[in-house]
Amino acid sequence: MPRHTGSPSPRLSFRLVAVMLAMVSVPAYFTLHTAKVTPPPIPLQPNPSPCGYTVSLLLFIIPIVIISCWLIPQEDLKISRKSLAWTIGLLFPIGALLDFLFASRFFLFPNPGATLGIAAPALHKPVPIEEYVFYLAGFLCIVLLYVWFDEYWLAAYTVPGTEQDRVDFDRLLRFHPKSLIFAAALIAAAFLYRRLLAPQLPGFPGYFLFLVLGALLPSSILLPSARPVVNWRAFSLTLFMVLLISLLWEVTLALPYGWWNFQDDQMIGLRITAWARLPIEEVILWVAVSYATVLVYETVKRGKASGRSARHAFLGERL
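We now examine the overall build of the protein. What the protein contains, in helices and strands, is 11 helices and six strands. Against the 2.2 N^0.38 benchmark of 20 Å for 319 residues, the protein shows a C-alpha radius of gyration of 20 Å, consistent with a compact globule. With respect to the three principal axes, the spread of C-alpha positions in the protein is 60 × 45 × 40 Å. Classification of the 319 residues of the protein by burial places 44% in the buried group. Partitioning the intrachain contacts of the protein with sequence separation of at least 6 by distance along the chain shows that 80% fall at a separation of at least 24. Looking at the protein as shown, the accessible area adds up to about 16200 Å², and 70% of this sits on carbon and sulfur atoms. Across the protein, the centroid of the 25 positively charged side chains sits 7 Å from that of the 18 negatively charged ones.

The following block contains the structure:
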């Protein structure tokens, strides 16, 4: 299906998504900020949610199954399965690395009865096996939602695989200095907030640092190539669906019932009182994950569509 002739430029579309996000988040912040008292915590004894964390993974797993079963039989939709596989293969290790290296520093799991009780390896202290399933299913759900919207619901705005914009390039890895500048500004703002407004907290905002680098380091080398081919309408719908599901998940279930929580000394110190003291990092997490997933998927898909080898597509002709 041809691209809609009324589509704004990729650069303008990128900005429109940011404006849409601000349009929702800014009034939400001021409204939530009026709450000064956190609702009382739910007692964890007796266990209020047996295997709750385990069962809640269906929030990702069921959409994965339904979208996969719907997409695979569609002969008129040419889904790039290799791009899907490469995207998950590149991004899942980042989520797994977060748990393996930093779970003991960033996270708490106060209600072990909410899991199957199977310990998975991690540095210093094991984590529930559900944590690794969470990251695998999360990345897969996000990329499948985007593909579903891109290839079907909002297909009028996609860039076809044979379009010149998709296959005409010299190399895919291109430096985008604004991403690094933005990353530096965010990190500096987080450290400044901790120093001035939360000086009582020890440590430093390591979780925020990991999230910013995890999203904006890929952006610093992928955004110039991905931006012309991203279906920004599909991305915005994916982003808002993922935010809705994940925030409802964390605010109404995970934090109140002790499925997981966060260590104060590794957070910025800015928590949303009305949402069971949810760290602001968790809102940023789902924006960052959705953004990075779509960038990686579209860049890999562009390389596959060109028919070139991976080295040739990403690095260009050998000098």
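So, next bit.
Helix H8 (residues 206-226) packs onto helix H4 (residues 81-106) with a crossing angle of 170 degrees between their chain directions and a minimal axis gap of 11 Å. Relative to H8, H4 is oriented roughly antiparallel. Facing H4, whose interface residues are Ile94, Leu98, Phe102 and Phe106, H8 presents Gly206, Tyr207 and Phe210.

Take the side chain of Glu281 next. Of note, Glu281 is situated in helix H10 (residues 280-306). Nearest to the buried, unbridged Glu281 among oppositely charged side chains is Arg194, at 6.8 Å. The residues contacting Glu281, other than those within four sequence positions of it, are Tyr207, Phe208, Leu211, Met267 and Ile268.

In this section: the packing of aromatic side chains. Following the criterion strictly, the structure yields 26 aromatic pairs and no others. Taking 6.0 Å as the distance between ring centres and 75 degrees as the angle between the ring planes, the aromatic pair formed by Trp148 and Trp153 counts as edge-to-face. Grouped by ring-pair contacts, the aromatic residues Tyr53, Phe60, Phe134, Tyr135, Trp249, Trp259, Trp260 and Trp286 constitute a single cluster. Arg233 extends its terminal NZ or CZ atom over the ring of Tyr157, reaching a point 3.9 Å from the ring centre. One cation-aromatic arrangement involves Arg308 over Phe169; the distance from NZ or CZ to the ring centre is 4.1 Å.

With that out of the way, let us pick up the pattern of salt bridges. Under the defined criterion, the tally for this structure stands at four salt bridges. A salt bridge links Lys301 to Asp150, with the nearest nitrogen and oxygen atoms 3.8 Å apart. With Lys301 in helix H10 and Asp150 in helix H5 (residues 129-153), the pair connects residues that are 151 residues apart, well separated along the chain. Of the residues examined, Lys301 reaches a relative accessible area of 8% and is grouped as buried. Residue Asp170 pairs with Arg174 through a salt bridge whose shortest N-O separation is 2.3 Å. For Asp170, a relative accessible area of 45% corresponds to the partly exposed category. Bridged by salt links that share partners, the residues Asp150, Glu151 and Lys301 form one connected network.

Regions with low pLDDT should not have their predicted coordinates read in detail. Predicted confidence across the protein gives a mean pLDDT of 89, with 95% of residues reaching 70 or more. Least confident of the elements in the protein is helix H6 (residues 164-167), whose mean pLDDT is 76; most confident is helix H2 (residues 52-56), at 97.

Let us now look at the environment of Ala254. As for its position among the elements, Ala254 is in helix H9 (residues 232-254). You can call Ala254 buried: its relative accessible area is 0%. Placed 201 residues apart in sequence, Ala254 and Tyr53 show a C-alpha to C-alpha distance of 7.3 Å. If sequence neighbours within four positions are ignored, Ala254 has contacts with Trp249, Trp259 and Trp260.

The rules behind these values
Residues numbered from 1 in each chain as written. Predicted model: local features only at pLDDT ≥ 70, side-chain atom pairs only at ≥ 80, totals over all residues. Heavy atoms only, no water. Helix = DSSP H or I, 4+ residues; strand = E, 2+ residues; numbered from the N terminus. Rg over C-alpha atoms; globule rule 2.2 N^0.38 Å. Buried < 20%, exposed > 50% of the residue type's maximum accessible area, 1.4 Å probe, protein only. Contact = heavy atoms within 4.5 Å. Areas by Shrake-Rupley, 256 points an atom, 1.4 Å probe, with all protein chains shown as cover. Lys, Arg positive; Asp, Glu negative; His and termini not counted. Charge placed at Lys NZ, Arg CZ, Asp CG, Glu CD. Axes fitted to C-alpha atoms, helices over the stretch in contact; angles between N-to-C directions. Parallel < 35°, antiparallel > 145°, perpendicular 65-115°, else oblique. Salt bridge = Lys/Arg side-chain N within 4 Å of Asp/Glu carboxyl O. Phe/Tyr/Trp six-rings, centres within 6.5 Å; stacked < 30°, edge-to-face > 60°. Lys NZ or Arg CZ within 6 Å of the ring centre and 35° of its normal. pLDDT = per-residue confidence, 0-100.

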